[in-house]
Amino acid sequence: MSEIQINTTQNVNINFTLASVGERVVAHIIDIIIKIAYATIVWWIISELYNGSGFMRDWDQWSVISVYVIMLFPFIFYTLVLESLFEGQTLGKKALKIRVVKIDGYQASFVDYLIRWFFRIVDLNILSGFVALITVIMSEKGQRLGDMTAGTAVISLKNKILISHTILEEIGDDYKPTYASVIKLSDNDMRIIKETYIIAQKGKDFDTLNKLRVKVEEVIETKSDMATIPFIDVIIKDYNFYTQNM
């Protein structure tokens, strides 16, 4: 499988496995089936209300069409809404365990998902997805046009290293925090810090650990005399203490 190297905000490179073309196609088919099922149910309900004994039987045709169009909004905005709510996943992507991520290490934003969704008009709706298929195959990072424009890629979550590694840490009830300024960090910052810390510590990559320490001290605006590994460990625990008790 192809891999993509993501440079995190701590200037640490982490490799992720790109989602295969097959995985993306199957996820897309699942999403299409879900959307078609929804549109069919909506059409059936409105038809029953209009042609049967429902309250819409006296409505004119244009009013019925207007209601149908409004009811189809979830069909139209399905991908945009779900990727925004589920951090880069639709139901199809969840089933295949793949996700949209930024190639610069940041969490994709609503604007990124909006750009990807807008470019579906070209990528997936023109020539029945042929454009998307060709660009994904030809692109070094497995990107369709929407991904290239938004600066995103689709990765597999079946890797040993996941971008969604939990930031939770075991801390006792009597834990006393050391650095209150850790609240300046975001959940995404802490996720990256913990991932980098685990990987670098396991590989005895002290250069990366020291760079990570410098970056953390810069962000929280605090200098410490503590050794690097215990310092980062305390930062992770302190962040958990404050976020769990806020």
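Residues numbered from 1 in each chain as written. Predicted model: local features only at pLDDT ≥ 70, side-chain atom pairs only at ≥ 80, totals over all residues. Heavy atoms only, no water.

1. Remarks on the overall build of the protein chain
Consideration 1: Within the protein chain, the regular secondary structure consists of 12 helices and four strands.
Consideration 2: Summed over all atoms, the accessible surface of the protein chain reaches about 13900 Å², with 62% contributed by carbon and sulfur. (Helix = DSSP H or I, 4+ residues; strand = E, 2+ residues; numbered from the N terminus. Areas by Shrake-Rupley, 256 points an atom, 1.4 Å probe, with all protein chains shown as cover.)

2. Digging into the confidence of the model for the protein chain
Consideration 1: A residue-level look at the protein chain finds 86% of positions with pLDDT of 70 or above and a mean pLDDT of 85.
Consideration 2: The weakest mean pLDDT in the protein chain belongs to strand S1 (residues 3-7) at 64; the strongest belongs to helix H5 (residues 91-96) at 96.
Consideration 3: Contacts for the low-pLDDT stretch residues 160-165, under 50 throughout, to residues beyond four places or in other chains number 18 contacts. (pLDDT = per-residue confidence, 0-100. Contact = heavy atoms within 4.5 Å.)

3. Thoughts on the layout of surface pockets
Consideration 1: For the largest pocket, the calculated volume is near 400 Å³.
Consideration 2: Lining the largest pocket are 22 residues, and of these Arg 24, Val 25, His 28, Leu 124 and Ala 132 sit closest to its centre.
Consideration 3: Sorting the residues of the lining of the largest pocket by element identifies helix H1 (21-51), helix H4 (78-85) and helix H8 (130-138) as the ones contributing at least two each.
Consideration 4: In terms of residue count, the dominant contributor to the lining of the largest pocket is H1 (seven residues).
Consideration 5: Split into classes, the residues belonging to the lining of the largest pocket amount to 10 nonpolar, four polar and eight charged.
Consideration 6: The volume enclosed by the second largest pocket comes to roughly 230 Å³.
Consideration 7: Of all elements in the fold, only H1, helix H3 (73-76), helix H6 (110-118) and helix H7 (120-123) reach the threshold of two or more residues within the lining of the second largest pocket.
Consideration 8: Within the lining of the second largest pocket, the residues separate by chemical class into seven nonpolar, three polar and two charged. (1 Å grid on protein atoms, 1.4 Å probe; cavity = no way out; pocket = protein on both sides within 12 Å on 5 of 7 lines; lining within 4 Å. Points joined across faces, edges and corners; volume = space filled by probe spheres on them. Nonpolar A, V, L, I, M, F, W, Y, C, P; charged D, E, K, R; others polar.)

4. Looking at the nonpolar core
Consideration 1: Leu 185, Met 190, Ile 193, Val 216, Phe 231, Ile 232 and Ile 235 are the most contacted members of the largest nonpolar core, which totals 18 residues.
Consideration 2: Looking at this core, the elements that each hand over two or more residues are helix H10 (187-202), helix H11 (206-220) and helix H12 (228-244).
Consideration 3: Looking at this core, the element that brings in the most residues is H12, giving six residues.
Consideration 4: The contacts of Phe 231, once residues within four sequence positions are left out, are Tyr 179, Arg 213, Val 216, Glu 217, Ile 220, Ser 224 and Met 226. (Core = buried A, V, L, I, M, F, W, Y, C linked by side-chain atoms within 4.5 Å. Buried < 20%, exposed > 50% of the residue type's maximum accessible area, 1.4 Å probe, protein only.)

5. With respect to unusual backbone geometry
Consideration 1: A positive phi angle, close to 55 degrees, is found at Lys 97, a residue other than glycine.
Consideration 2: Positionally, Lys 97 belongs in the loop between H5 and strand S3 (98-102).
Consideration 3: On the accessibility criterion, Lys 97 (49% relative accessible area) is partly exposed.
Consideration 4: Non-glycine residue Lys 204 carries a positive phi angle of around 55 degrees.
Consideration 5: Since its relative accessible area comes to 62%, Lys 204 is described here as exposed.

6. Some remarks on the pattern of salt bridges
Consideration 1: In this structure the tally under the stated criterion is 12 salt bridges.
Consideration 2: Taking the shortest distance from any N to any O, the salt bridge between Arg 24 and Asp 147 comes out at 3.0 Å. Of this pair, Arg 24 sits in helix H1 while Asp 147 is found in helix H9 (residues 145-150), placing the two residues 123 residues apart along the sequence.
Consideration 3: Residue classification places Arg 24 among the buried residues on the basis of a relative accessible area of 15%.
Consideration 4: A relative accessible area of 0% places Asp 147 in the buried class.
Consideration 5: Here the salt bridges share partners, and the residues they tie into one network are Arg 24, Glu 83, Lys 93, Arg 116 and Asp 147. (Salt bridge = Lys/Arg side-chain N within 4 Å of Asp/Glu carboxyl O.)

7. Re the environment of Ser 20
Consideration 1: The topology assignment puts Ser 20 in the loop between strand S2 (13-17) and H1.
Consideration 2: Judged by its relative accessible area of 27%, Ser 20 is partly exposed.
Consideration 3: C-alpha of Ser 20 to C-alpha of Ile 137: the two residues are 117 residues apart in sequence and 9.2 Å apart in space.

8. Some details on the environment of Ile 98
Consideration 1: Positionally, Ile 98 belongs in strand S3.
Consideration 2: By relative accessible area, which is 1% here, Ile 98 ends up buried.
Consideration 3: Ile 98 sits 80 residues away from Leu 18 along the chain, and the two C-alpha atoms are 8.6 Å apart.
Consideration 4: In contact with Ile 98, other than residues within four places in its own chain, are Ala 19, Glu 23, Arg 24, Ala 27, Gln 89, Lys 93, Val 154, Ile 155, Ser 156 and Leu 157.

9. Overview of H11
Consideration 1: The end-to-end C-alpha distance of H11, which contains 15 residues, comes to 21 Å, matching closely the 21 Å that a straight helix rising 1.5 Å per residue would cover.
Consideration 2: Within the span of H11, buried status applies to Thr 208, Leu 209, Leu 212, Arg 213, Val 216, Glu 217 and Ile 220.
Consideration 3: Positive phi shows up at Glu 221, right after H11, with a value of about 55 degrees. (Expected span 1.5 Å × (residues − 1).)

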